[in-house]
Amino acid sequence: MDKTNLIENFITQVIAHSDFTELDRIYLRNRILALVGDEARKATTSKEGLLDLKGELIQVAQITGKCAKANSAEDILGAQLLNFIVPRPSVVNQKFWSTYKESPQKAIADFYQMGKDSNYIKTRAIAKNIYFTAASKYGDLEITINLSKPEKDPKEIAAAKNAEVKSYPKCQLCMENEGYLGHVNYPARTNHRIIRFQLGNETWGFQYSPYAYFNEHCIFLAPKHEPMVINKQTFANLLEIVAKFPGYFVGSNADLPIVGGSILSHEHYQGGKHRFPMEKAPIVKELNFKGFDDVKAGIVKWPMSVIRLRGLNKNSLIKLANKILINWHNYSDEKVTVRAFTDNTPHHTITPIARLHGQTYELDLVLRDNQTSDKYPDGIFHPHADVQHIKKENIGLIEVMGLAVFPPRLKPELLEVKKFLLDQPNRIAPIHLDWANKIKSKYEITSENADQILQKELGFIFARVLEDAGVFKQTADGKAAFMRFVKEVGLN
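Per chain, the residues get numbers from 1 upward, laid out in the order the sequence is written. Selection of residues for local features in this predicted model requires a pLDDT of at least 70, selection of side-chain atom pairs for listing and counting requires 80 or more, and totals for whole chains, interfaces and linings are taken over all residues. As a rule here, side-chain values come from all non-hydrogen atoms in the structure, and water together with hydrogens is ignored.

**Observations regarding the nonpolar core**
- Take the buried residues of types Ala, Val, Leu, Ile, Met, Phe, Trp, Tyr and Cys, join any two whose side-chain atoms come within 4.5 Å, and each joined set is a nonpolar core. Exposure is judged per residue with a 1.4 Å probe applied to protein chains only, and the accessible area is read against the type maximum: over 50% gives exposed, under 20% gives buried, and values in between give partly exposed. Within the largest apolar cluster, 95 residues are counted, with the highest numbers of intra-cluster contacts made by F206, F289, L309 and F472.
- Here F289 is in contact with A297, I307, L309, L320, I324, V486, V489, G490, L491 and N492, once residues within four sequence places are set aside.
- Core analysis: the second largest hydrophobic core is formed by 51 residues, F214, V306, I461 and L466 among them. Two residues qualify as a contact provided that any one of their heavy atoms is within 4.5 Å of a heavy atom in the partner residue.

Listed below in structure tokens is the structure:
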């Protein structure tokens, strides 16, 4: 392919993807040169795509000295370059809500496409993630090994350690991230936009996750930097969101350590267009709660303890969900090591998930308990020590619904496990040795089936992780204990 001028080619792509016109070409050229250096005017390219051209401009900027050779610096410059195709926040919001009047689905789809086009949603990085499904007695579970987030090199780690600690924005979920430049300790957000919408009596934000774990992974964030809380208003908010954003589920992490997500300091929910394994799980025990004849309820066939509520009357679901939450806050059952409090420290909360099927609202309420003990210092209802070689992190909303997010360390570690299983020279980590020996004793392993066997066994591990996190176990005693609790709430 013939070489063309890099900057002029990039400008052509910016005009094609934005509201800029040919009349803006000189302006765009000068703004881009300010970012990458005047010497870039003569650079040529054989590439055509916007993201490829952006990558070459970063390389030129590193030659001119405008960009350091570090992941954080590259991300900052890349966000600045792609910000040219993203309108200012007021225009993005005006376009969204104007389109929403005609078609909410198109407004959402257009906003999502803008996030991908501008590389705010890191589609190429996300494609590096490992994903597969694994059969279990609870249905097919989903497994991911997260490889999308770039790791810092040693120089960046050193720079980050010595960098000044800044308190603006307070966290990555604050509204103040919109358009924020970023630095070695903080992601680039120049090309970031947030849709504002009314939720209750507040103006909340709707945005996408840059490193999505599932299709159209989005975040709904509170206007103020205030801690997560699960209460009656949470249930009302979730059901209002699924009505406002058709086709999306929405859920909240729990509001206590150990059973909560990674960010408890800022109230937010997660949603998207994905049907998780838990949603597909059937009801195994129907429940009829006293005073709620218009709500269909039941216990879900799932390794964690889930009560599903369904009905047309949104207010009835909110009222019943809140009654279950209040009862759970104060419920103890020593027979199954369930305790609401240690002294004045609360242990009980709920991970809620909302959906809308036609006109029918659906709420899944996952009971959580964050106790620790001498035997289980990481958490009684947390992955136990024998599975922590695979998963030791908190079981948050996404895992609760049946999608494992395993750490990137597993990719090289599992390669060594595979070599061990095939009796090849290896450097298997000691933490995986017992597990690998058990696998070896179960199967006739060949180079053709080794990967399949490892995936199958990872599925078993994830099912065990969820069972560990389940409050009422999948045993006769556990099922009886679950029924004792729902009777406490009040059955017909």
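Don't stop here, the text continues.
**Section: the packing of aromatic side chains**
- By convention, a stacked pair of Phe, Tyr or Trp rings (six-membered ring in the case of Trp) has centres within 6.5 Å and planes under 30 degrees apart, an edge-to-face pair has planes over 60 apart, and any other such pair is tilted. Applying the stated rule across the entire model yields 28 aromatic pairs.
- Among the aromatic residues, those joined into a cluster by ring pairs are F96, W97, Y100, F111, Y112, F197, F206, Y208, F220 and F245.
- Sitting over a ring, as applied to charges here, requires NZ of Lys or CZ of Arg to be within 6 Å of the ring centre and within 35 degrees of the ring normal. In this structure, K440 packs its charged tip against the face of F420, placed 4.3 Å from the ring centre.

**So, the sheet that holds strand 5 (residues 195-199)**
- Strand pairing requires that DSSP identify at least two bridges connecting the strands. Here a helix means four or more residues in a row that DSSP labels H or I, a strand means two or more in a row labelled E, and each is numbered from the N terminus. The antiparallel open sheet is built from ten strands, whose spatial order is 5-6-7-9-8-15-16-12-11-10. Only two strands of the sheet have a single partner each, and these edge strands are strand 5 and strand 10 (283-287). Direction aside, the axes of adjacent strands within the sheet are offset by 25° on average.
- Sheet topology places strand 7 (residues 218-221) next to strand 9 (residues 268-272); four bridges connect them, and they run antiparallel. Bridge pairing in strand 9 links C218 to G271.
- Axis definition: a line fitted to C-alpha atoms, limited for helices to the stretch in contact. Angles are taken between N-to-C directions and run from 0 to 180 degrees. The sheet strands contacting helix 5 (residues 89-102) are strand 5 and strand 6 (202-208), and the helix crosses strand 5 at an angle near 60°.
- Along the sheet, helix 16 (residues 476-489) contacts strand 10, strand 11 (296-300), strand 12 (306-311) and strand 16 (360-369); its crossing angle with strand 12, the most-contacted strand, is approximately 45°.

**Some details on the sheet that holds strand 3 (residues 130-134)**
- The mixed open sheet is built from three strands, whose spatial order is 3-4-17. Either end of the sheet is taken by a strand with one partner, and the two such strands are strand 3 and strand 17 (403-406). Strand-to-strand, the axes of this sheet are offset by a mean angle of 20°, without reference to chain direction.
- Along the sheet, helix 15 (residues 450-469) makes contact with strand 3, strand 4 (141-145) and strand 17, crossing strand 4 at roughly 105°.

**Looking at the side chain of R189**
- Residue position: R189 is located in the loop between helix 8 (154-162) and strand 5.
- The positive count covers Lys and Arg only, the negative count covers Asp and Glu only, and His and the chain ends enter neither. Each salt bridge in this description consists of a side-chain nitrogen of Lys or Arg and a carboxyl oxygen of Asp or Glu lying within 4 Å of one another. Although R189 is buried, it forms no salt bridge, and the closest oppositely charged side chain is D75 at an N-O distance of 7.7 Å.
- The residues contacting R189, other than those within four sequence positions of it, are Y120, Q172, N177, E178, G179, Y180, L181 and P210.

**Quick look at the UniProt feature "domain: Galactose-1-phosphate uridyl transferase C-terminal" (unreviewed entry) in the chain**
- UniProt positions are given in the numbering used here, feature names are shortened, and annotations may be inferred rather than shown by experiment. UniProt records the feature "domain: Galactose-1-phosphate uridyl transferase C-terminal" (unreviewed entry) at residues 243-436, using the numbering of this structure.
- In the segment residues 243-436, helix accounts for 22% and strand for 27%; the C-alpha atoms at its two ends are 47 Å apart.

**Remarks on helix 1 (residues 6-16)**
- Here helix 1 lies mainly inside the structure; eight of its eleven residues are buried.
- Burial in helix 1 covers these residues: L6, I7, N9, F10, I11, Q13, V14 and I15.
- Check the buried side of helix 1 and you find it contacts strand 1 (4-5), helix 2 (25-36), strand 2 (44-45), helix 3 (50-64) and helix 4 (71-82).
- N or O atoms within 3.5 Å of each other form a polar contact, as long as, within protein, one can give a hydrogen and the other can take it, and as long as residues adjacent in sequence are counted only when both atoms are side-chain atoms. Two or three places before I7, at the opening of helix 1, N5 has a side-chain oxygen 3.2 Å from that residue's backbone nitrogen.

**Digging into the packing of helix 1 against helix 3**
- Two elements in contact, helix 1 and helix 3, have axes separated by 10 Å at closest approach and are oriented at 140°. As for the relative orientation of helix 1 and helix 3, their crossing is left-handed in sense. Between helix 1 and helix 3, the residues in contact are L6, I7, N9, F10, Q13 and V14 and L50, L53, K54, E56, L57 and V60, respectively.
- Here the nonpolar group is Ala, Val, Leu, Ile, Met, Phe, Trp, Tyr, Cys and Pro; Asp, Glu, Lys and Arg are the charged ones; every other residue, Gly included, is treated as polar. Here the contact of helix 1 with helix 3 is built from residues that sort into eight nonpolar, two polar and two charged. Crossings are assigned a handedness: left-handed for a near helix turned anticlockwise from the far helix by less than a right angle, right-handed for a clockwise turn.

**Section: the packing of helix 3 against helix 4**
- Two numbers describe how helix 3 lies on helix 4: the axes approach to 10 Å, and their chain directions differ by 125°. Relative to helix 4, helix 3 is oriented oblique. Where helix 3 crosses over helix 4, the two elements pack in a sense that is right-handed. The segment helix 3 lies against helix 4, with L50, L51, K54, L57, I58, A61 and Q62 engaging E74, L77, G78, L81 and L82.
- The class makeup of the residues in the contact of helix 3 with helix 4 is eight nonpolar, two polar and two charged. In this scheme, roughly parallel covers angles under 35 degrees and roughly antiparallel covers those over 145, while 65 to 115 is roughly perpendicular and the rest are oblique.

**Quick word on the environment of T99**
- With respect to the helices and strands, T99 occurs in helix 5.
- In this structure, the C-alpha to C-alpha distance between T99 and D110, residues eleven residues apart in sequence, is 9.0 Å.
- Once you skip the residues sitting within four places of it in the chain, T99 turns out to touch K106, A107 and D110.
- One polar contact links the side chain of T99 to the main-chain carbonyl oxygen of K95, over a distance of 2.9 Å.

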